[in-house]
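# Results of the structural survey
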Amino acid sequence: MTTDTSTQMENGRNGLLELKQVVKHFDISGGLLDRLRFENGKLSQQRTTVKAVNNVSFTIAPGETFSVVGESGCGKSTLARTTLGIYPPNSGEIRYRGERIDNKSAQQMLPFRRKMQMIFQDPYASLNPRKTVTQTLEEPVVFHNPSISANQVKDRVAEVMLQVGVDPKWAARYPHEFSGGQRQRISIARALMVDPEFIVADEPVSALDVSIQAQILNLLMDAQAQRGLTYMFITHDLSVVEHISTRVAVMYLGTLCELSSAGTLFKSPRHPYTQALLSAIPKLGRKKSGHIRLKGEVPTPIDLPSGCVFHGRCIHANPRCIEEVPEARSVENEAIVACHAVEEGRL
Amino acid sequence: MSHLLEVNDLEVKFGLRQGDLTAINGISFNLDKGERMGLVGESGAGKSVTGFAVINLISKPGFISGGRVMFNGIDLASLSEEAMREIRGNQLSMIFQDPMMTLNPVLTIGTQMVETLLAHRSITRAKAAAIALEKLKKVQIPSPEKRLAQYPHEFSGGMRQRIVIAIALITDPEIIIADEPTTALDVTIQAEIMDLLQQLCESEDTGLILITHDLGVVSQVTEKIAVMYAGKIVESGLTERVVNDPKHPYTQGLIKALPGSLQPGARLNQIPGMMPTLTDIPPGCAFNPRCPLCEAICRNQEPPFIPVDHMTRMVACHMVTPDPSNGTK
């Protein structure tokens, strides 16, 4: 543990965003009557919590594309929203440029909100259908710079629209008049309007067709090159991740199992879950899939397994994995892996 | 030589107030016993409409306006609804994208499986239940006896899709049409379901039409492929040949746009623009406004669907010469 805490500290000093032991649980127990249980002749109250994110720590360096991958329900979107302060974490710390932001009031968060923006998956749901493109794009600028003149706003809208490849003469149109790809361009424009430093993109291309997906990914990469943006990219599409990421974090059931540079991760995945996940990608022209089969199914995050959350499905699991939670440890190539088998040299 | 399924010049229109809208046009392909074919294309290309048209399940205001679907020598488009029902779900089965929408939430899966069977076979309920159990075992559902009495909500997404596959297989169909069967599933589950589907089709010698937008999945599972664009097949042939050496500029663009083929971080090869809506298909070749090889003829004349590459595939493009030795100009 000593080695990896020191490297994390090292990174923390020059990191843009730092997460430390972040935990996010959701209480879904409902009202009083839903919580009551009758057991052994006694009435008791029981709470049900979804343990969406558990003790996740990492540091995002300025200018990098940090991807979080995992299957549905692994907590990657919750992690994205917690990072931006949309959900307050139950415990842990989130720091932006060294300053703690997880305990700030809405008023205190304002300057940070300008620097941190978000792009959502579904451009049909994330744009207000009753606002024109101009109205959608103007709102964040005017909100964050109340003193800005109307002409400046107009110029800014035109400039950003051009940059994302939407003709400024369509500014008076409504979202329903645009295709999915165009709408995603407008969502990206909205995020870029306030000159952010850090953008969280939650599945920004999952709803789009392959040929449009390439256009949007190119746009995101261009914007990054021009503006020096830092991305946190949430996706389940591993070929996209391999292409755009600097570093990749793999999540399973709310826990970080592996974190390393994209090249290392895709060449030599260490965690058994990462290995299974990568082997399942359907590759063009590869005939027989020969993927690693996992036992059983993903357990519910309401009732997390003991020890390593992956032990029930892991072929390398031993009694220690059932009892003890594996710590994230640094291995070669600056990778961080949370696995007893890797630590003991069994894998 | 006749094939198990022969689709010839199939055309589907949707009657709208503004006039008829052509959804698919001139679709031709065939499928032999035990053969697996992929139907790929982007949203709105007409893949699903083609699948529905094959089982004669186009609902109003849509209708099959031309062409033939010959299955075992019978023209399905000419059959009465009653006669069609004998074939549909019996010899021709369909698997849909979302298993939660396909399964009836208020019936146990045992009931749903038995009902499917009783609709097509005159057997006793007990016999049908035995077959249902056997099929559940085939799709590798753990403790199938117990599971038969459970409702769809008690299963995970992957398990539900296994049940849908079991129901599709219960009448031992000759062809299964699977419309995006794994799109709603995670990648590890997708790999398992595709493996299962392929293995079952192989062991039962069942034909498969796999409708998907995922070229990776198609290239793993199928032998043949047809690429659709704006309601037409633009390229078809052996999957391996088409994927490794696409001839049509659209297929080329689609494959080059995938991130997997490039150096990480490099600019992706995007196809400019987007697929035209059906009301607004440009004259000539529908792909011409987005095509890097477009010439005058492409804007005026619709390209014929011609054999190339030693007759192993068909391409609809003016810029591809039929002469097998030349390929793309």
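## Some points on the overall build of chain A
Each helix and strand in chain A was counted, giving 14 helices and 14 strands. Relative to the 2.2 N^0.38 estimate, which gives 20 Å for 347 residues, the radius of gyration of chain A is 22 Å and therefore close to what a compact globule would have. Over its C-alpha atoms, taken along the principal directions, chain A stretches across nearly 65 × 60 × 40 Å. Here chain A holds 347 residues, and the buried ones make up 43% of them.

## Points about the environment of Glu 42 of chain B
On the secondary structure map, Glu 42 of chain B appears in the loop between strand E3 (36-40) and helix H1 (47-54). Residue class for Glu 42 of chain B comes out buried when judged on the 21 C-beta atoms lying within 10 Å of it. Linking Glu 42 of chain B and Leu 254 of chain B, residues 212 residues apart in sequence, is a C-alpha distance of 9.4 Å. Apart from the residues within four sequence positions on either side, Glu 42 of chain B is in contact with Asp 209, Val 210 and Ser 211 of chain A together with His 213 and Met 275 of chain B.

## Digging into the confidence of the model for chain B
Residue and element names in this part refer to chain B. When pLDDT is averaged across chain B, the result is 90; 98% of the residues are at 70 or more. Of the regions scoring below 50 in pLDDT, residues 324-329 engages in ten contacts with residues more than four places distant in sequence or in other chains. Reported confidence for the predicted complex is 0.79 by ipTM and 0.84 by pTM.

## Considerations on the environment of Val 153 of chain A
All names here are of chain A. Looking at where Val 153 falls in the secondary structure, it is placed in helix H7 (residues 150-164). Taking the number of C-beta atoms within 10 Å as the measure of exposure, Val 153 has 18 and is therefore partly exposed. Sequence-distant contacts of Val 153, that is, excluding residues within four places in its chain, are made with Glu 138, Val 141, Val 142 and Ile 148.

## Here we look at the packing of helix H8 (residues 180-192) of chain A against helix H9 (residues 210-227) of chain A
Residues and elements named next belong to chain A. Two elements in contact, H8 and H9, have axes whose closest approach is 10 Å; the angle formed by their N-to-C orientations is 15°. On the basis of the axis angle, H8 is roughly parallel to H9. In this structure, H8 meets H9 at a crossing whose hand is right-handed. For the pair H8 and H9, contact is made by Gly 180, Gly 181, Gln 184, Arg 185, Ile 188 and Leu 192 and by Ile 212, Gln 215, Ile 216, Leu 219, Leu 220 and Ala 223, respectively.

## Topic: the interface of chain A and chain B
At the junction of the two partners, chain A supplies 36 residues and chain B supplies 36 residues. Among the elements of the structure, H9, helix H10 (238-244) and helix H12 (272-279) of chain A are those that each provide at least two residues to the side of chain A that touches chain B. The class makeup of the residues in the side of chain A that touches chain B is 16 nonpolar, twelve polar and eight charged.

Rules and cut-offs
Residues numbered from 1 in each chain as written. Chains lettered and ligands numbered in written order. Predicted model: local features only at pLDDT ≥ 70, side-chain atom pairs only at ≥ 80, totals over all residues. Helix = DSSP H or I, 4+ residues; strand = E, 2+ residues; numbered from the N terminus. Rg over C-alpha atoms; globule rule 2.2 N^0.38 Å. Buried ≥ 20, exposed ≤ 12 C-beta atoms within 10 Å, placed from the backbone. Contact = placed C-beta atoms within 7 Å. pLDDT = per-residue confidence, 0-100. Axes fitted to C-alpha atoms, helices over the stretch in contact; angles between N-to-C directions. Parallel < 35°, antiparallel > 145°, perpendicular 65-115°, else oblique. Left-handed = near helix turned anticlockwise from the far one by under 90°. Nonpolar A, V, L, I, M, F, W, Y, C, P; charged D, E, K, R; others polar.

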